[in-house]
Amino acid sequence: MFKKTTLSILLAASLSVGATPAWAAPKENLQSDQAFDNRIVKRIKVDNIYNHIVKLSENPRVAGTPGEDAAVEYIKSQFESYGYDTEVQPFEIYSYTAPSLIELKVDGMNFEQAPLDFSYGVNGEVTADLVDAGLGATSDFAEKDVEGKIALIERGGFSFAEKILNASKAGAAGVIIYNNTDGVLNGTLGEPNDKYVPAVAITQEQGTELKERLENGETVTATLKIEGAETDKAISHNVVATKEATHKSTNQLILVGAHHDSVDGAPGANDDASGTATVLELARVFANAPTDTDIRFVTFGAEENGLLGSYEFVERMTQEDYDRTVGMFQMDMVGSKDAGDLIMYTTDGDKNTVTDLGAAAGARLSKTGEATAYGMQGRSDHVPFSEIGLPSALFIHAPVEPWYHSPEDTIDKISKEKLKEVSNIVGAAVYQVARPDTPALEKAKVAPKEVDYDFEEREL
Ligand code: BES
Ligand code: ZN
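Residues numbered from 1 in each chain as written. Chains lettered and ligands numbered in written order. Predicted model: local features only at pLDDT ≥ 70, side-chain atom pairs only at ≥ 80, totals over all residues. Heavy atoms only, no water.

Right, let's get into the domain arrangement of the chain. It is common to report an interface's size as the accessible area lost on association of the parts. Examined at the domain level, the chain breaks down into domain 1 (4-95 + 233-444) and domain 2 (99-228). Between the C-alpha centres of domain 1 and domain 2 the distance comes to 41 Å. (Domains from an automatic or database assignment.)

In this section: the coordination of the zinc ion (ligand 2). Looking at the zinc ion (ligand 2), the protein donor atoms are H259 (NE2), D271 (OD), D332 (OD) and D332 (OD), and they sit 1.9 to 2.5 Å from it. One way to put it: the six donor atoms around the zinc ion (ligand 2) meet at angles of 54 to 166 degrees, and that makes the site irregular. For the zinc ion (ligand 2), all donor residues lie on one chain, and their spacing in sequence is H-x11-D-x60-D. Placement of D271 in helix α8 (residues 269-286) and of D332 in the loop between β11 (325-331) and β12 (341-346) is noted, with a sequence separation of 61 residues between them. Here D271 and D332 have matching classes, each one buried. (Donors = N, O, S within 2.8 Å, 3.2 Å for Na, K, Ca; no water. Tetrahedral: all angles 85-135°; square planar, octahedral: opposite > 155°, others 65-115°. Helix = DSSP H or I, 4+ residues; strand = E, 2+ residues; numbered from the N terminus. Buried < 20%, exposed > 50% of the residue type's maximum accessible area, 1.4 Å probe, protein only.)

Turning next to the pattern of salt bridges. Using the criterion set out here, one finds 16 salt bridges in the structure. Its salt-bridge partner being D33, residue R435 comes within 2.7 Å of it at the nearest N-O pair. Of this pair, R435 sits in the loop between α13 (416-434) and α14 (441-444) while D33 is found in helix α2 (residues 30-41), placing the two residues 402 residues apart along the sequence. Both residues of the pair, R435 and D33, belong to the buried class. Among the ionic pairs, R296 bridges to D321, the shortest N-O distance being 2.8 Å. Of this pair, R296 sits in strand β10 (residues 293-300) while D321 sits in helix α10 (residues 319-324), placing them 25 residues apart in sequence. Judged by its relative accessible area of 11%, D321 falls in the buried class. Residues participating in the shared-partner salt-bridge network are D294, R296, D321 and R324. (Salt bridge = Lys/Arg side-chain N within 4 Å of Asp/Glu carboxyl O.)

What follows concerns the sheet that holds strand β13 (residues 373-376). Spatially, β1-β8-β10-β9-β11-β14-β12-β13 is the arrangement adopted by the eight strands of the open sheet, whose pairing is mixed. The open sheet terminates on both sides in strands that have one partner only, identified here as β1 (86-97) and β13. Neighbour-to-neighbour, the strand axes of the sheet open up by a mean angle of 25 degrees, direction not taken into account. The sheet strands contacting helix α9 (residues 308-316) are β1, β8 (230-243), β9 (252-259) and β10, and the helix crosses β1 at an angle near 135 degrees. (Pairing = 2+ DSSP bridges. Axes fitted to C-alpha atoms, helices over the stretch in contact; angles between N-to-C directions. Contact = heavy atoms within 4.5 Å.)

Attention now goes to the packing of helix α11 (residues 353-365) against α13. For the pair α11 and α13, interaxial distance at closest approach is 8 Å and the crossing angle is 115 degrees. Of the two elements, α11 crosses α13, and the hand of that crossing is right-handed. Listed contacts from α13 to L357, G358, A360, A361, G362, R364 and L365 of α11 are N424, I425, A428, A429, Q432 and V433. Along the lines of polarity and charge, the residues of the contact of α11 with α13 split into eight nonpolar, four polar and one charged. (Left-handed = near helix turned anticlockwise from the far one by under 90°. Nonpolar A, V, L, I, M, F, W, Y, C, P; charged D, E, K, R; others polar.)

What follows is about the pairing of strand β4 (residues 150-154). For β4, a buried count of four out of five residues is recorded, marking the element as mostly surrounded by other parts of the structure. One ladder, built from three bridges, connects strand β3 (residues 124-132) with β4; its direction is parallel. In the strand pairing of β4, D132 is matched with L152. For the crossover that starts at β4, traverses helix α6 (residues 160-169) and ends in the parallel strand β5 (residues 174-178), the hand is right-handed. (Right-handed = clockwise from strand over helix to strand, strands pointing away.)

Written out as structure tokens, the structure reads:
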């Protein structure tokens, strides 16, 4: 585990000195900042980014499948062609094949909206009486006899896996979980467990009807059957290319990332071939740039399985690298013509070094001088970094496009203008720290006061 003390001491020390960091450029430095920006911006070729997306989105890139393997091979060979030594970090994940049959039969009900499985759930067949088990907490089972029965449980409060394990521990032979809001419940148990009992998900309406029948004293018998679900072990990968400082090193490290995997059935042109392709093009441009800072370009695997690649990366990070990391820039869904404007999300909704750099670069590069907005959101690979105390932010367009996680997330929805804007901003932001004339870690930790940028509660 990482110790955060070093960072907070550095931060406190630099704040107490109260010096303005040199890279928090006063007005008169604007021109030279823009000249530095141009060293990167003018070299970024948006057609390269677009062509990477074309290649990457030919097929889905589900973690642990040959589709991901092909993407990893492509990314590695691109990094190597720019001259980087490239590390591939393999790690184990679970792959899940959905059941061939999901059946739920209850007298007097037709389940027009078909019940769904939970990812990593188990197969089985059970016919038994239903018992209302509230939210499925341990206390809900304390006064109830569910031995050999099917527990009817409402969604909410804690995870589906916990509900099923509590029911199993109390002796239940099956579980039905109903939604606590409109729409279908498409849930995951996160990982396999041989203590699970067969479980299905139904809608709020269906669950409420069953609950009412039980409350009226009726004995309700159900048959629940799941066949063909399969959980296997598989290997996903992170791909890591490091640019070492070319000038006298300040011993700083910047991380630039995106996830290369996609969800099943989706070509993932925007999610997240767009971010991966931008990481590749920035790596190409920075390969020949003079820097005093190490830059690590990373594409993560298994983001869609629960940020597994970025958790793996953080787990493998050395304390030394942790201590010298200025920030982590994550790009996810950065090229859709059908999405809204660029926004930077932090997990806590607070500004940090990364959003300060991004906002300043956005202001320098935009025609109107307007800085990029920020907001609060998790849901991507910046989360594990922020959890260990490193400044990180997700660069994304919001509201997101309607094709998100669908087979329609294809190359024809990609906008070169959007790609250009994001790659320019992230490239310029990174270069503000990495260029040889700007000072070292402890000063880079101090927020620049040069731009005003606002918190936005924007719809996703
Ligand atoms: N690109 C999305 C994240 C996203 C989508 C952020 C929409 C903001 C708005 C990402 O690939 C994703 O789908 N993440 C998962 C969460 C993850 C922990 C499995 C999600 O949001 O469901
Ligand atoms: Zn994504």
